[in-house]
Amino acid sequence: TNKKKKPDIVSGTRYRPGGGVAGWDAFRKLTSCGANFLATFLLSTGGASDLTGSFRLYERAALEEILPRVQSRGYAFQME
């Protein structure tokens, strides 16, 4: 049989048609877009479009494999 592989991470985004946020002023929107542009420029994102606050679902096995390798000292950005 030809079974499709389930993804390890599913991510929602504010930056695709139908996405967005309510109640943000222009400065907040600009800050969010700027942070996402910078993160996309500096990191290998694999096509992700919302790195600073998207809704994410993780496969448990993926988290169990990744989390032991994560090391943060002091302030940790949520893109980790």
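All of these numbers come straight from a predicted model, not from anything done at the bench. (Residues numbered from 1 in each chain as written. Predicted model: local features only at pLDDT ≥ 70, side-chain atom pairs only at ≥ 80, totals over all residues. Heavy atoms only, no water.)

1. Some details on the overall build of the protein
Next, step 1: Along the backbone of the protein there are 2 helices and 2 strands.
Next, step 2: Walking the protein from its N terminus toward its C terminus, one meets helices and strands in the order β-α-β-α.
Next, step 3: Within the protein, the fraction of its 80 residues that count as buried is 11%.
Next, step 4: For the protein, long-range pairs separated by at least 24 residues make up 58% of all intrachain contacts whose partners lie at least 6 apart in sequence.
Next, step 5: When the accessible surface of the protein is totalled, it reaches about 7,000 Å², and 59% of it is carbon and sulfur. (Helix = DSSP H or I, 4+ residues; strand = E, 2+ residues; numbered from the N terminus. Buried < 20%, exposed > 50% of the residue type's maximum accessible area, 1.4 Å probe, protein only. Contact = heavy atoms within 4.5 Å. Areas by Shrake-Rupley, 256 points an atom, 1.4 Å probe, with all protein chains shown as cover.)

2. Thoughts on the pattern of salt bridges
Next, step 1: On inspection of all chains with the given rule, the structure shows 2 salt bridges.
Next, step 2: A salt bridge links arginine 60 to glutamate 64; the nearest nitrogen and oxygen atoms lie 2.8 Å apart. Taken as a pair, arginine 60 and glutamate 64 lie in helix α2 (residues 60–66) at a separation of 4 residues, close to a single helical turn.
Next, step 3: The exposure class of arginine 60 is exposed, given its relative accessible area of 63%.
Next, step 4: Residue arginine 69 pairs with glutamate 65 through a salt bridge whose shortest N-O separation is 3.0 Å. For the pair formed by arginine 69 and glutamate 65, the shared burial category is exposed. (Salt bridge = Lys/Arg side-chain N within 4 Å of Asp/Glu carboxyl O.)

3. Some details on a nonpolar patch on the surface
Next, step 1: On the surface, Ile9, Tyr58, Leu63, Ile66, Leu67 and Val70 cluster together into a nonpolar patch covering about 500 Å² of accessible area.
Next, step 2: Along the chain, the position of isoleucine 9 falls in strand β1 (residues 9–11). (Patch = residues over 30% accessible without salt bridge, like charges linked within 9 Å, V, L, I, M, F, W, Y side chains within 5 Å.)

4. Some thoughts on helix α1 (residues 26–42)
Because the α-helix completes a turn every 3.6 residues, residues three or four places apart line up on one side.
Next, step 1: Under the 1.5 Å per step criterion, the end-to-end length of α1 is 24 Å for 17 residues, consistent within 8% with the ideal 24 Å.
Next, step 2: Buried within α1 are the following residues: Ser32, Asn36 and Ala39. Buried residues in α1, looked at end-on, bunch into an arc of 65°, giving them a common side. Projecting away from the buried face of α1 at angles above 90 degrees are the exposed residues Ala26, Phe27, Leu30, Phe37, Phe41 and Leu42.
Next, step 3: The N-cap of α1, judged by a side-chain oxygen 3.3 Å from the amide nitrogen of phenylalanine 27 a few residues on, is aspartate 25. (Expected span 1.5 Å × (residues − 1). Arc of directions from axis to C-beta. Polar contact = N/O pair within 3.5 Å; in protein donor to acceptor, adjacent residues only side chain to side chain.)

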